[in-house]
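# Structure assessment
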Amino acid sequence: MRIMRAAYASRFDADNPLAALTVGDRPEPAHLDDDWVTVQVRASSLNHHDLWSLRGVGLADGQLPMILGCDAAGTDPDGNEVVIYPVLPTPGDPRGVSILSEHYQGTLAERVAVPRMNLLPLPTGLSATDAACLPTAWRMLTTRGRIADGEAVLVQGAGGGVATAAVALGLALGKRVYATSRDAAKRDRIAALGATALEPGARLPERVDVVIETVGAATFDHSLKSAAPMARIVVAGATSGHLPPVNLRRVFAMQLEILGTSMGTPDELTELLAFCAEHEVRPVVDSVVPFSRVADAFARLHSGEVFGKVVVDHTA
Ligand SMILES: NC(=O)c1ccc[n+]([C@@H]2O[C@H](COP(=O)([O-])OP(=O)(O)OC[C@H]3O[C@@H](n4cnc5c(N)ncnc54)[C@H](OP(=O)(O)O)[C@@H]3O)[C@@H](O)[C@H]2O)c1
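All right, on to the site of the ligand then. The ligand sits among 24 residues. The nearest are H48, S181, A236, T239 and M263. The side chain of S181 places a nitrogen or oxygen atom 2.7 Å from an oxygen atom of the ligand. T239 is positioned such that a nitrogen or oxygen atom in its side chain is 2.7 Å from an oxygen atom of the ligand. Burial of the ligand by the surrounding chains reaches 84%, relative to a free accessible area of 910 Å². Contributions of two or more residues to the shell around the ligand are made by α1 (48-55) and α4 (161-172). Of the residues forming the shell around the ligand, the biggest block, 3 residues, is contributed by α1. A per-class count over the shell around the ligand returns 8 nonpolar, 14 polar and 2 charged.

This is how it looks when you write it as structure tokens:
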């Protein structure tokens, strides 16, 4: 059995997730069948999901130790540069699927094992670190949000990884993009990307057709108030709390759709990679941290100061 370096949840700590992180040696993950391959990870990116896992949300004691990380790019056994599609069929999970680091060991390691069908070619012009950051926002805007010509979008909590990606993609799609952030410096950076930056709760110059909601309780009422008739409020997360009061009168009077979204399809990832290569869209990267300092990357994400994705460089 080959041993490799990995960042993994060794226990849970609801109050201090960083204390539950261990960086050390783990066995290389096994192949479930002959269709699985091992990928040498070159870059991965952190998600808030990794902090939830360390807190014990979505993982049970019996699943420990669990290598964290969902998004990654790397090299397959034939030497091809690949992007990993992180969703795997998972019998026994009520969703029928799971994301790497839930039932199967994740990407924050020297190597990760996945079914060969989960590998997509890395498009020319996209770096491994860029490709490791892309997925959720695309599905929120397109498949779920059905954003159309001439429509406007509001992105809540603009500093987050999903939110910065939604701003960049919304602008590249030619939409009017509004984004809120509590932090003046982050608002300046959002404005520099080309979006209209606002304080949380501020009145927008127009009602929007799509809302990208990952903050949850702290922003949800504003999302409802900012929505145009027939708007789609797409919810991918609830960093500030998952039980906001919901004004149902507004939901039915304005005929709003509140749509949950989780993960994405391989076709969406392929589409997104092609879109980014063609339109030269790149994710907003907060920082690139060498794997030797992966714990610092977690601390950075946990600080709440990030603007964009925290990327881990596995070659450094
Ligand atoms: N469903 C999926 O497929 C999927 C995929 C990826 C992520 N997620 C979920 O989506 C959420 C966002 O993840 P992320 O990694 O992009 O970003 P994140 O680090 O969770 O932060 C999102 C933003 O939320 C805002 N925020 C946090 N706490 C707040 C509070 N108390 N009041 C107001 N605003 C607050 C901050 O915005 P400002 O500082 O700019 O105000 C922050 O930048 C997470 O809950 C994650 O689990 C889901």
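Pairing is antiparallel in the open sheet, where 3 strands are placed in the order β2-β1-β4. The open sheet terminates on both sides in strands that have one partner only, identified here as β2 (21-27) and β4 (66-67).

Another point: the nonpolar core. If you look at the biggest cluster of nonpolar residues, it comprises 39 residues, and the most contacted ones within it are V153, V155, V167, L169, I190, I212 and L269. Where this core is concerned, the elements lending two or more residues are α3 (136-144), β11 (152-155), α4, β12 (176-180), β14 (208-213) and α8 (266-279). Considering every element that reaches this core, the biggest residue donor is α4, with 6 residues. Discounting residues that sit within four places of it in the chain, I190 has contacts with A158, V167, A179, A195, A197 and F307. Judged by nonpolar contacts, the second largest core, of 19 residues, contains A9, A20, L64 and V310.

Another point: the environment of V312. Along the polypeptide, V312 turns up in strand β18 (residues 309-313). As for V312 and S44, which are separated by 268 residues in sequence, their C-alpha atoms are 5.2 Å apart. Contacts of V312, omitting those with residues within four sequence positions, involve R42, A43, S44, L46, L108, V289, P290, F291, V294 and A297.

So, about the side chain of H314. Within the secondary structure layout, H314 lies in the segment after β18. Of the polar contacts made by the side chain of H314, one reaches the backbone oxygen of A109; its length is 3.0 Å. If sequence neighbours within four positions are ignored, H314 has contacts with V41, R42, A43, S44, T107, L108, A109 and F291.

This paragraph deals with the pairing of β14. Counting buried positions over the 6 residues of β14 gives 6, a clear majority of the element. The pairing of β11 with β14 spans 3 bridges and is parallel. Note on β14: the bridge partner recorded for L154 is V211. Note that the unit made of β14, helix α6 (residues 220-225) and strand β15 (residues 227-235) has a crossover that is right-handed.

As a further point, take unusual backbone geometry. Between L64 and the following residue, P65, the backbone shows a cis peptide bond with an omega angle of -10 degrees. Positive phi, close to 70 degrees, is recorded for M230, a residue that is not glycine. Tracing the chain through its elements places M230 in strand β15. Residue classification places M230 among the partly exposed residues on the basis of a relative accessible area of 47%. Phi is positive for E280, which is not a glycine, with a value near 55 degrees. Residue placement: E280 occurs in the loop between α8 and β17 (285-290).

The next point concerns the packing of aromatic side chains. Taken as a whole and judged by the stated rule, the model has 2 aromatic pairs. Ring centres 4.9 Å apart and planes at 45 degrees place the aromatic pair W138 and F275 in the tilted group. Of this pair, W138 sits in helix α3 while F275 is found in helix α8, placing the two residues 137 residues apart along the sequence. Comparing W138 with F275, the two get one shared label, buried. Above the plane of the ring of Y8 lies R26, whose end atom (NZ or CZ) is 5.4 Å from the centre.

Looking now at helix α5 (residues 184-193). Of all the positions in α5, only K186, R187 and I190 are classed as buried. Looking down the long axis of α5, one finds its buried residues gathered within 100 degrees of arc, a one-sided arrangement. In α5, the exposed residues that point more than 90 degrees away from the buried face are D188 and A192. For α5, the elements touching its buried residues are α4, β12 and β13 (196-198). Capping of α5 at its N-terminal end is provided by D183; its side-chain oxygen lies 3.1 Å from the backbone amide nitrogen of A185. Positive phi appears at G194, one or two residues downstream of α5, with a value of about 115 degrees.

Conventions used here
- Residues numbered from 1 in each chain as written.
- Predicted model: local features only at pLDDT ≥ 70, side-chain atom pairs only at ≥ 80, totals over all residues.
- Heavy atoms only, no water.
- Near = heavy atom within 4 Å.
- Polar contact = N/O pair within 3.5 Å; in protein donor to acceptor, adjacent residues only side chain to side chain.
- Areas by Shrake-Rupley, 256 points an atom, 1.4 Å probe, with all protein chains shown as cover.
- Helix = DSSP H or I, 4+ residues; strand = E, 2+ residues; numbered from the N terminus.
- Nonpolar A, V, L, I, M, F, W, Y, C, P; charged D, E, K, R; others polar.
- Pairing = 2+ DSSP bridges.
- Core = buried A, V, L, I, M, F, W, Y, C linked by side-chain atoms within 4.5 Å.
- Buried < 20%, exposed > 50% of the residue type's maximum accessible area, 1.4 Å probe, protein only.
- Contact = heavy atoms within 4.5 Å.
- Right-handed = clockwise from strand over helix to strand, strands pointing away.
- Phe/Tyr/Trp six-rings, centres within 6.5 Å; stacked < 30°, edge-to-face > 60°.
- Lys NZ or Arg CZ within 6 Å of the ring centre and 35° of its normal.
- Arc of directions from axis to C-beta.

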